[in-house]
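# Working through the structure, step by step
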Amino acid sequence: MGCLKKKTLSFLLIFVSIRACGTLLQEADPARQRKPFFERLHRLEQQFQRFQQVTLTHLQDIASNYNAYYNVDARFQSLVEESQATALAVNQSQAAIQEDVVHLKTRLRKIQRRSQKMDAQLQALNLSLSTKNGQCCEEEELEQKAQREATASLALSIRALQDALASLTQQVHSQDTRLAALEGQTQRASPGTPALGLTTAPTPTQLDQRGPGSLQLWGNSQTSRPSLQHRNSPRDFTVHVQKTQKFQAPSRNQTALPRTHQGSGNICSSGPVLIFPNASTENVIFLNPGFLVPLRALSFCSWVRMASHHLGTLLSYATKDNDNKLVLHGRDSLVPGSIHFMIGDPVFRELSLKPLLDGQWHHICIIWTSMEGKYWLHIDRRIVATGSRFREGYEIPPGGSLVLGQEQDTMGGGFDSSEAFVGSISGLAIWDRALVPREVANLAAGKELPRGAILMLTNATSVGGFVKRAKCTCLEQCP
């Protein structure tokens, strides 16, 4: 802008000097140069007007360009601010989207794992059902066959007994005839002597006079006489034999087990009682240390009182490569009173614990050994379920996370309120061997703790959420 002003001033000065020179020339020689001078002056004026118009046009263009440049700076600044705000919003949106994506991926993986679990559990359940159906059919066939054989042998025995009874009856009748004849002969020979059937008991003095063998002979005669006087018919004796055999024959499922301990009033000094009041995901107990060595056998025993319509998760053991290495798992979607005993996902056995749903204290023991994969379920000292070929030869690895009251979807976390345990636990203990029925019975009766327990409630290092610890003299006194 300043350069343009300088050019305009210089041009005006030149024009003024030319105009002054023309005026001087006119005054010097007005007659001769007047006409050409005016023509030239007129042309210069025209050129100056055109130059003035061009200059004005340029100045207007420059002013418009300056205004445009000024407006461009302001707009550019506003655009910069808008771009920064947009970039910030985009970054925030990207962060939120990434966080949502991470949550969705985690949820998807969890859903996939659960779906895989459910598929595997359904397959295992179908397999176990088919196996049970086959076993049931085989057991029914064997039972029917055994019953047929027992019936046949019993019929043969009854026939033999009937034949023996018939012959014995004939012998008895013949003996009666002979005795009657002998009595008649005796009465005819000695009319004053009483009959054999009316013999009176001799006195001790008479027995001593008869000799040392008289007392034994008299006793034998007295024991044999009622059998002759009170004999039964063959049919009555057969019925008596059948009743005796029916009483003595043991049932197929009869097992010599200790009687269950009903009521918990006599179970005292069982240790602390842990109360899980609700289904919060924060109600969890961590046991530390966990399993320090691989386990090829396991016994889990505890006093349990349920406070809900489903069992919930009693125990959960998870490692980095498998979150269901050992689980006693119940959830509200299962059949009421059922629990999954899982060793190494996805293999499990479904156990029925319906007696635990009455709101009373019960003693349970779940025992497993990898030898032949046998397992037993004790409730109040009774064996209520057993099986074999469950994780035969398997080994539970050490170094995992062991918790009570929740089921882990990840090692030490991933809890779900629908799988929470609601109730009370006391006297919990875990062994790395299979307890025998006598040890289970003594433990349930409160007599002694079997040797070698590797974990107890005293190993609880973290009690979270709303879990309460109560000290009760006897279990029935606990809230």
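None of these values were measured; they are calculated from a predicted model.

## Comments concerning the confidence of the model for the chain
Of all residues in the chain, 72% have pLDDT values of 70 or greater, and the mean over the chain is 76. A low-confidence stretch, residues 192–265 stays under pLDDT 50, and its non-local contacts, those more than four residues away or across chains, total 48 contacts.

## A few points about the pattern of salt bridges
For the coordinates displayed, the defined rule picks out nine salt bridges. Taking the shortest distance from any N to any O, the salt bridge between Glu407 and Lys117 comes out at 3.7 Å. In this pair, Glu407 sits in the loop between strand E11 (401–404) and strand E12 (423–431) while Lys117 sits in helix H2 (residues 30–189), placing the two residues 290 residues apart along the sequence. A relative accessible area of 10% means that Lys117 is categorised as buried. Here Arg433 makes a salt bridge to Glu439, at a shortest N to O gap of 3.1 Å. The pair Arg433 / Glu439 is uniform in exposure class, with both members buried. Each of Lys110, Arg114, Lys117, Asp323, Glu407, Asp409 and Asp416 takes part in a single network of salt bridges with overlapping partners.

## Quick look at unusual backbone geometry
At the junction of Asn288 and Pro289, the peptide bond is cis and its omega measures out at 5° in the coordinates. Position of Pro289 relative to the elements: it lies in the loop between strand E2 (285–287) and strand E3 (297–306). Residues Asp345 and Pro346 are joined by a peptide bond in cis, for which omega reads 15°. Mapping Pro346 onto the fold places it in the loop between strand E6 (338–343) and strand E7 (348–352). Although it is not a glycine, Glu372 adopts a positive phi angle of roughly 65°. The topology assignment puts Glu372 in the loop between strand E8 (362–369) and strand E9 (374–379). Phi at Asp380 is positive, roughly 50°, even though this residue is not glycine.

## Some remarks on the packing of aromatic side chains
A full pass over the atoms with the stated rule returns four aromatic pairs. Among the aromatic residues, those joined into a cluster by ring pairs are Phe341, Tyr375 and Phe390. The residue whose ring lies beneath Arg391 is Tyr394, and the NZ or CZ to ring-centre distance is 4.4 Å.

## Some details on the pairing of E9
As defined by bridge partners, E8 adjoins E9 across six bridges and the pair is classed as antiparallel. Across the sheet, residue Thr369 finds its bridge partner in E9, namely Lys374. Hairpin connection of E8 to E9: four residues between the antiparallel strands, including Glu372 at a positive phi of 65°. Here E9 runs beside strand E10 (residues 382–387); their pairing, made up of five bridges, is antiparallel. Across the sheet, residue Ile379 finds its bridge partner in E10, namely Arg382.

Definitions and limits used
Residues numbered from 1 in each chain as written. Predicted model: local features only at pLDDT ≥ 70, side-chain atom pairs only at ≥ 80, totals over all residues. Heavy atoms only, no water. pLDDT = per-residue confidence, 0-100. Contact = heavy atoms within 4.5 Å. Salt bridge = Lys/Arg side-chain N within 4 Å of Asp/Glu carboxyl O. Helix = DSSP H or I, 4+ residues; strand = E, 2+ residues; numbered from the N terminus. Buried < 20%, exposed > 50% of the residue type's maximum accessible area, 1.4 Å probe, protein only. Phe/Tyr/Trp six-rings, centres within 6.5 Å; stacked < 30°, edge-to-face > 60°. Lys NZ or Arg CZ within 6 Å of the ring centre and 35° of its normal. Pairing = 2+ DSSP bridges.

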